[in-house]
Amino acid sequence: MFEGAQTSGAVILARHGRPALSRRTLLSADDYRDWWATYEAGGLKAGQVVPENLKAIAVEAGAIIASTRRRSVETATLLGAGREFHSDAMFIEAPLPPPPWPRWLKLPPMAWGFLARVWWWFLNHHPNEESRLEAEKRAEEAAGRLIEVAGGGRDVLVLAHGFFNAMIARALRRRGWRCTLNGGYGYWAARRFEAPSGRPSPSARVTAQ
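This report concerns the structure included in the present document. Remember, predicted model here, so these are calculated numbers, not experimental data.

Conventions used here
Residues numbered from 1 in each chain as written. Predicted model: local features only at pLDDT ≥ 70, side-chain atom pairs only at ≥ 80, totals over all residues. Heavy atoms only, no water. Pairing = 2+ DSSP bridges. Helix = DSSP H or I, 4+ residues; strand = E, 2+ residues; numbered from the N terminus. Contact = heavy atoms within 4.5 Å. Axes fitted to C-alpha atoms, helices over the stretch in contact; angles between N-to-C directions. Buried < 20%, exposed > 50% of the residue type's maximum accessible area, 1.4 Å probe, protein only. Arc of directions from axis to C-beta. Expected span 1.5 Å × (residues − 1).

Here's the deal with the sheet that holds strand β3 (residues 63–66)
Okay, step 1: What the six strands build is an open sheet, ordered β4-β3-β5-β2-β7-β6; its pairing is mixed. In the strand order of this sheet, the two ends are held by β4 (86–87) and β6 (178–182), each with one partner.
Okay, step 2: Direction of pairing for β3 relative to strand β5 (residues 156–160): parallel, over a ladder of four bridges. Counterpart to A63 in the pairing with β5 is V156.
Okay, step 3: Lying on the sheet, helix α5 (residues 132–150) is in contact with β2 (11–15), β3 and β5; it crosses β5 at an angle near 145 degrees.
Okay, step 4: Docked against the sheet, helix α6 (residues 162–174) engages β2, β5, β6 and β7 (190–194), running at close to 160 degrees with respect to β2.

In structure tokens, the structure reads:
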């Protein structure tokens, strides 16, 4: 039987707040590469109201983790209201290298983001950047780390990025974790994952009976 068994806490994957950089522009592929670099280095748009439901989740969480990107760190700072959190590069966004298309083709950043993700995901386009296979391995490692943190019976809140959060979610589902609350994929949105029913924490000790 399980001696001293403790149920795992939940893993909550949340996206950062709305970034400051405007998407209202038309860009070539090369321009988008520069735009994305600026986006990656930038922070949050000023004057945002933090959703009350995410505030409540942060209050209840036993641990808060942000990626090392400024927009994630600022999100954790706003939510935590002075509380300590851990920042980890393991949770940064998967790369978005645009297709090598001619400069005369101008598209908005959202269109380039979609096309870049398709080329990266399905066509293995990753010039000098992390590949899909490498990112999937990172997501598996991240899921394992979060399960370990939640194993102490405390909820863990991750404040990171839309697509890589989705990759972590896939890794959690492969391990039997269920999404019990789905707030979508928008800014400030959160999804809650819980361990398979009756699963003890990794700290539980098994003894013969």
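Comments concerning helix α2 (residues 52–60)
Okay, step 1: All buried positions along α2 are accounted for by L54, I57 and A58. The arc enclosing the buried residues of α2, seen along the axis, measures out at 100 degrees, which places them on a common side. Within α2, the exposed residues directed more than 90 degrees away from the buried face are E52, N53, V59 and E60.
Okay, step 2: Buried residues along α2 sit against β2, β3, α3 (70–80), β5 and β7.

Examining the environment of A139
Okay, step 1: Counting through the fold element by element, A139 comes out in helix α5.
Okay, step 2: In contact with A139, other than residues within four places in its own chain, are F164, M167, I168 and A171.

What to know about α5
Okay, step 1: Look at α5: 26 Å from first C-alpha to last across 19 residues, which is about the 27 Å you get at 1.5 Å a residue.
Okay, step 2: For α5, the full list of buried residues reads A135, R138, A139, A142, A143, L146, I147 and A150.
Okay, step 3: On its buried face, α5 sits against β2, β3, α4 (109–122), β5 and α6.

A short note on unusual backbone geometry
Okay, step 1: For N128, which is not glycine, the phi dihedral falls at a positive 60 degrees.
Okay, step 2: Secondary-structure assignment places N128 in the loop between α4 and α5.
Okay, step 3: If you check the backbone angles, W188 has positive phi at about 70 degrees while not being a glycine.
Okay, step 4: Residue position: W188 is located in the loop between β6 and β7.
Okay, step 5: When its relative accessible area of 10% is taken as the criterion, W188 is described as buried.

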